[in-house]
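A closer look at the structure
Next come the chains, spelled out residue by residue.
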Amino acid sequence: MQLSIGELARRTGVKPTTIRWYEQEKLLPAPLRTEGGHRVYAQDHLRRLGFIRHARELGFAMPAIRALLGLVEHPADDCATAHAIATAQIAEVDSRLRRLTALRAELTEMAETCQGGTARDCRILETLADFDHGHCLDHSHAAAPHGLD
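First things first, this report covers the structure right here in the doc. What you are looking at is a predicted structure, and each value in this text was computed from that prediction instead of being measured.

Turning our eyes to something else, we now look at helix α4 (residues 62-73). The first and last C-alpha atoms of α4 sit 16 Å apart over 12 residues, in line with the 16 Å expected at 1.5 Å per residue. Listed in full, the buried residues belonging to α4 are Met 62, Ala 64, Ile 65, Leu 68, Leu 69 and Leu 71.

Structure follows, in structure tokens:
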């Protein structure tokens, strides 16, 4: 099987620029090239790129994916590293869930205290303007000012 970068992108849902970046970062082996310099990918590229994409969908960071790919390349190695990486990812997901739950409660409180009327008297706007979080139920989101970092 031979695939162009466009076909590989279509089959995996990964943009061609991302595929080239994975090659540059050595996460994806360099493909063969045609005489005209076009990349030609094989089944192994498709499987590996699918692995990377699935790992990204599950939230694994690139260093973890690199380590997991290392294990794929060394099938006789102990999978304790894979278990540790997955366990750490579970802890990260749990942490995000706690933060999201707190943010949801905060947003719900803001919405429920809004009684309508004018913007001058809007509890939502008042709470958002209170950057010291004095009106907040849970101050934990103050530690991550740009979302769920």
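On we go from here.
In this section: helix α1 (residues 5-12). When α1 is considered as a whole, its buried residues turn out to be Ile 5, Leu 8, Ala 9 and Thr 12. Viewed along the axis of α1, the buried residues span an arc of 100°, placing them on a single side of the element. Elements in contact with the buried residues of α1: α2 (16-24), β2 (39-40) and α3 (43-57). One or two steps after α1, the chain reaches Gly 13, where phi turns positive at roughly 75°.

Membership of the largest hydrophobic core comes to 22 residues, with the highest contact counts inside it found for Leu 8, Ile 19, Tyr 22, Tyr 41, Leu 49, Phe 60 and Ile 65. Elements with a contribution of two residues or more to this core: α1, α2, α3 and α4. Top contributing element to this core by residue count: α4, with six residues. With residues up to four places along the chain from it excluded, the contact list for Phe 60 reads Ala 55, Ile 65, Leu 68, Ile 85, Ala 86 and Gln 89.

Now for the packing of α4 against helix α5 (residues 80-113). At their nearest, the axes of α4 and α5 sit 10 Å apart, and the two run at 155° to each other. Here α4 lies roughly antiparallel to α5, going by the angle between them. In this structure, α4 crosses over α5, and the sense of that crossing is left-handed. Each of Ala 64, Ala 67, Leu 68 and Leu 71 in α4 lies in contact with α5, whose residues at this interface are Thr 81, Ala 82 and Ile 85.

As a further point, take unusual backbone geometry. Residues apart from glycine generally show negative phi values, whereas peptide bonds are mostly found in trans. The phi angle at Lys 26 is positive, at roughly 65°, despite the residue not being glycine. Residue position: Lys 26 is located in the loop between α2 and β1 (32-33). Taking relative accessible area as the criterion, Lys 26 reaches 67% and is therefore assigned exposed.

Take the side chain of Glu 23 next. Positionally, Glu 23 belongs in helix α2. Residue classification places Glu 23 among the buried positions, given a relative accessible area of 10%. Here Arg 39 takes part through its side chain, which lies 2.9 Å from a polar atom of the side chain of Glu 23. Setting aside its immediate chain neighbours within four residues, Glu 23 contacts Leu 28, Pro 29, Pro 31, Arg 39 and Tyr 41.

Thresholds applied
Residues numbered from 1 in each chain as written. Predicted model: local features only at pLDDT ≥ 70, side-chain atom pairs only at ≥ 80, totals over all residues. Heavy atoms only, no water. Helix = DSSP H or I, 4+ residues; strand = E, 2+ residues; numbered from the N terminus. Expected span 1.5 Å × (residues − 1). Buried < 20%, exposed > 50% of the residue type's maximum accessible area, 1.4 Å probe, protein only. Arc of directions from axis to C-beta. Contact = heavy atoms within 4.5 Å. Core = buried A, V, L, I, M, F, W, Y, C linked by side-chain atoms within 4.5 Å. Axes fitted to C-alpha atoms, helices over the stretch in contact; angles between N-to-C directions. Parallel < 35°, antiparallel > 145°, perpendicular 65-115°, else oblique. Left-handed = near helix turned anticlockwise from the far one by under 90°. Polar contact = N/O pair within 3.5 Å; in protein donor to acceptor, adjacent residues only side chain to side chain.

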